[in-house]
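Commentary on secondary and tertiary structure
So you can see what is in the structure, the chains are spelled out below.
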Amino acid sequence: MRSFLLLFITILSGALVAQNINGYWEGSLKITPRDSLRLGMFIEQTGDSLHIELDSPDQYAFGMSAQQVSFRNDTLSWKASSLNASFRGVLIEKTLWVDEHFPDSCRLTTYDRSSIEGTFIQNRQRFPVTLTRAERTVLRRPQTPEAPYPYVSEEIRFRTRDGKLVLIDGTLTKPESASPTALYILISGSGWQDRNESLMGHKPFLVIADHLTRTQNAAVFRYDDFPRALFLKSTTLDFADGVQLIMDSLLVRPDLAGLPVVLLGHSEGSIVAFIVGSRDARVSKIITLGGVAQPIHEVLLYQIRAISEADSVLTPAEIDKTVQLSDQLYQLVRKSKDSKEAARRIGDFWDEQSAKLTPEEQKRYNMTPQGKYTSIQQLTSPWLFTLFHLDPKTYLKKVHCPVVAINGEKDLQVDAVANQQLMRKYLDKNQNHQFHIIPNANHLLQTCTTGSPSEYGNIEETIGKETLELLGR
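Attention in this report is confined to the structure presented alongside it. Being a predicted model, the structure only gives us computed values, none of them experimental. (Residues numbered from 1 in each chain as written. Predicted model: local features only at pLDDT ≥ 70, side-chain atom pairs only at ≥ 80, totals over all residues. Heavy atoms only, no water.)

Our focus in this paragraph is the overall build of the protein chain. Within the protein chain, the regular secondary structure consists of 14 helices and 17 strands. With respect to the principal axes defined by its C-alpha atoms, the protein chain has extents near 95 × 70 × 45 Å. Burial analysis of the protein chain (473 residues in total) assigns 47% to the buried set. Put simply, 63% of the contacts in the protein chain that link residues at least 6 apart link residues at least 24 apart. In the structure as shown, the protein chain presents an accessible area of about 24,400 Å², 51% of it carried by carbon and sulfur atoms. The protein chain carries 52 positive and 55 negative side-chain charges, and their two centres are separated by 5 Å. (Helix = DSSP H or I, 4+ residues; strand = E, 2+ residues; numbered from the N terminus. Buried < 20%, exposed > 50% of the residue type's maximum accessible area, 1.4 Å probe, protein only. Contact = heavy atoms within 4.5 Å. Areas by Shrake-Rupley, 256 points an atom, 1.4 Å probe, with all protein chains shown as cover. Lys, Arg positive; Asp, Glu negative; His and termini not counted. Charge placed at Lys NZ, Arg CZ, Asp CG, Glu CD.)

In total, this model carries nine aromatic pairs according to the counting rule given. Arranged with centres 6.3 Å apart and planes meeting at 55°, the rings of W78 and F120 form a pair that is tilted. One end of the pair, W78, is in strand β6 (residues 75–80); the other, F120, is in strand β8 (residues 109–122), with 42 residues separating them in the sequence. There is no split in this pair, since W78 and F120 are both buried. Measuring from centroid to centroid gives 5.3 Å for F231 and F239, while their planes differ by 15°, and the two rings are stacked. Just as F231 is buried, F239 falls in that class too. Linked through ring pairs, W78, F87, F120 and F127 together constitute an aromatic cluster. Between the NZ or CZ atom of R228 and the centre of the ring of W192, over which it lies, the distance is 4.0 Å. (Phe/Tyr/Trp six-rings, centres within 6.5 Å; stacked < 30°, edge-to-face > 60°. Lys NZ or Arg CZ within 6 Å of the ring centre and 35° of its normal.)

Another point: the pattern of salt bridges. Applying the stated criterion to the full structure yields 23 salt bridges. Of the charged contacts in the structure, one is a salt bridge between R136 and E53, with a shortest N-O distance of 3.0 Å. Taken together, the positions of R136 in the loop between β9 (125–133) and β10 (152–159) and E53 in strand β3 (residues 49–56) put the pair 83 residues apart, joining distant regions of the chain. According to the relative accessible area criterion, R136 is partly exposed, its value standing at 25%. Overall, E53 belongs to the partly exposed group, its relative accessible area being 23%. Notably, a salt bridge pairs R253 with D255, separated by 2.8 Å at the nearest N-O pair. On the basis of relative accessibility, which here comes to 18%, the residue R253 falls in the buried class. Taking the relative accessible area as the measure of exposure, D255 reaches 26% and is therefore partly exposed. (Salt bridge = Lys/Arg side-chain N within 4 Å of Asp/Glu carboxyl O.)

Another aspect to go through is the environment of R345. By the element assignment, R345 lies in helix α8 (residues 339–354). A C-alpha to C-alpha distance of 50 Å links R345 and I43, two positions 302 residues apart in sequence. Those residues in contact with R345 that lie beyond four places of it in its chain are L332, K335 and S336.

Core analysis: the biggest nonpolar cluster contains 73 residues, and I185, F221, M247, L263 and I286 have the highest contact counts within it. When neighbours within four sequence positions are excluded, M247 is seen to be in contact with I185, V261, L263, V276, D280, R282 and V283. Membership of the second largest hydrophobic core comes to 23 residues, among which are V207, I208, I287 and I406. (Core = buried A, V, L, I, M, F, W, Y, C linked by side-chain atoms within 4.5 Å.)

Another point: the sheet that holds strand β14 (residues 261–266). Read across the open sheet, the eight strands follow the order β10-β11-β13-β12-β14-β15-β16-β17; overall the sheet is mixed. Of all strands in the sheet, those with a lone pairing partner are β10 and β17 (434–438), marking the two edges. On average, each strand axis in the sheet is tilted by 20° relative to the strand beside it, whichever way the strands run. Contacts from helix α2 (residues 204–216) reach β11 (166–174), β12 (183–187), β13 (219–223), β14 and β15 (283–289) within the one sheet, and its direction differs from that of β13 by about 170°. (Pairing = 2+ DSSP bridges. Axes fitted to C-alpha atoms, helices over the stretch in contact; angles between N-to-C directions.)

Before going further, it helps to examine the environment of A293. Structurally, A293 can be placed in the loop between β15 and α6 (296–311). Placed 132 residues apart in sequence, A293 and K425 show a C-alpha to C-alpha distance of 10.0 Å. In this structure A293 touches D391, P392, K393, L396, N419, L422 and M423, once residues within four positions along its chain are discounted.

You can see E268 is positioned in helix α5 (residues 268–279). The side chain of E268 is buried and forms no salt bridge, while R279, the nearest opposite charge, is found at 12 Å. Ignoring anything within four residues of it in the chain, the contact list for E268 reads S188, G189, S190, T236, F239, W383 and L387.

Now for the pairing of β10. Pairing geometry for β10 and β11, over eight bridges, is antiparallel. Counted as the bridge partner of E154 is L172 from β11. The loop that links β10 with its antiparallel partner β11 comprises six residues; one of these, G163, has a positive phi angle of about 80°.

Now for helix α13 (residues 416–426). Restricting attention to buried positions, one finds in α13 the residues A416, A418, N419, Q420, M423 and Y426. Tucked into the core, α13 has its buried residues touching α5, β15, α12 (392–396), β16 (403–408) and β17.

Following A147, the chain continues into P148 via a peptide bond in cis, with omega recorded as 5°. On the secondary structure map, P148 appears in the loop between β9 and β10. At Y60, a residue that is not glycine, the phi angle is positive and equals roughly 55°. Along the chain, Y60 falls in the loop between β3 and β4 (61–65). For Y60, a relative accessible area of 17% corresponds to the buried category.

Below is the structure:
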């Protein structure tokens, strides 16, 4: 009797495992012949409902929600609106073991359902993928603060001045039992950023806000960039207008009125801070992290050369050629009076240059038809076209508040020495200006080895302690 019961439990247990798709599954998407990206799915079944979180470990993106999840007849499907993506796959059944001691009509068979074969679709591109059970990647980000916080955290929403559109969503942190010493406004860098300036699992603005509120009793406002549809039509000048709207809205509050205002800008955010500081006397201080004083075309050319040399993807001759072609493209944009003229000039230049290259060279230098389309789209966007025609020195000369410039010695996106030299040149002779180049620090002010952006996600530190200590001075 005991043997029969044990056998029954074993059979029942096997059946339950076979139907269970709970857990973490991972597979590789072949993006190009050379490149692949891992796709992860964490599946949790509660009763009759399934919840799925999506991970892209190679892009340091985790916990993205899937919707319209369905699992019927061994077929799993879902959609992810935030990614413009969907998936449909089948749980594959493999025979592991057959008990030959029983006749066919009642033979015991053990199955393994350890893979899901399907298709991932994103932006109309289809990628076949096989997912198998795996261990979910867990990022270590020890500096990221966790609730409960020893201060007040308030969600704030600002509309456009006419009240028709939500323009800014953000978080204000301030001391719980003391009056704030200052109001810091954190301004993010290029590309759409959330209020934490989240990147590769790091949340530098959350770390900075937490540090300033804890140690300096400061009020700190960090915010998401404009809604994406509006962001695509906006320029650096519009972002500066957004900062002034924030100041106008916050400084009328009784708990913040009269406070000194400190603008903290990272990367392109430093240009936004300089623009606002040049025209608004309420700005008491500007802090720049990886700050920019060069015209944008010089910054981009530095990036191309520095990152290419660090990553060793191209030969020295190929790097020189890439920089030369890029410089010619950028000059065409700078000399164009509007985006339509720039698009025409870029197209003509692209056709002329690609005709001189072999098909292999066209791929090597990205001088392909797709590369042409992408370059025209990017270089003639309202944001980048305006930035090409904007010179930071125009605003630096009109800034009269103290500036604290903090750059990383190994920053491969913004040349620390060149940009600080220009700040010293164009800012007024204020003895309260500070200029700091942090040894062995990259563009995120992490302690690094090479400074390459490919390191950012592999470094556990979000921002170096030396930089954090300088922020409150």
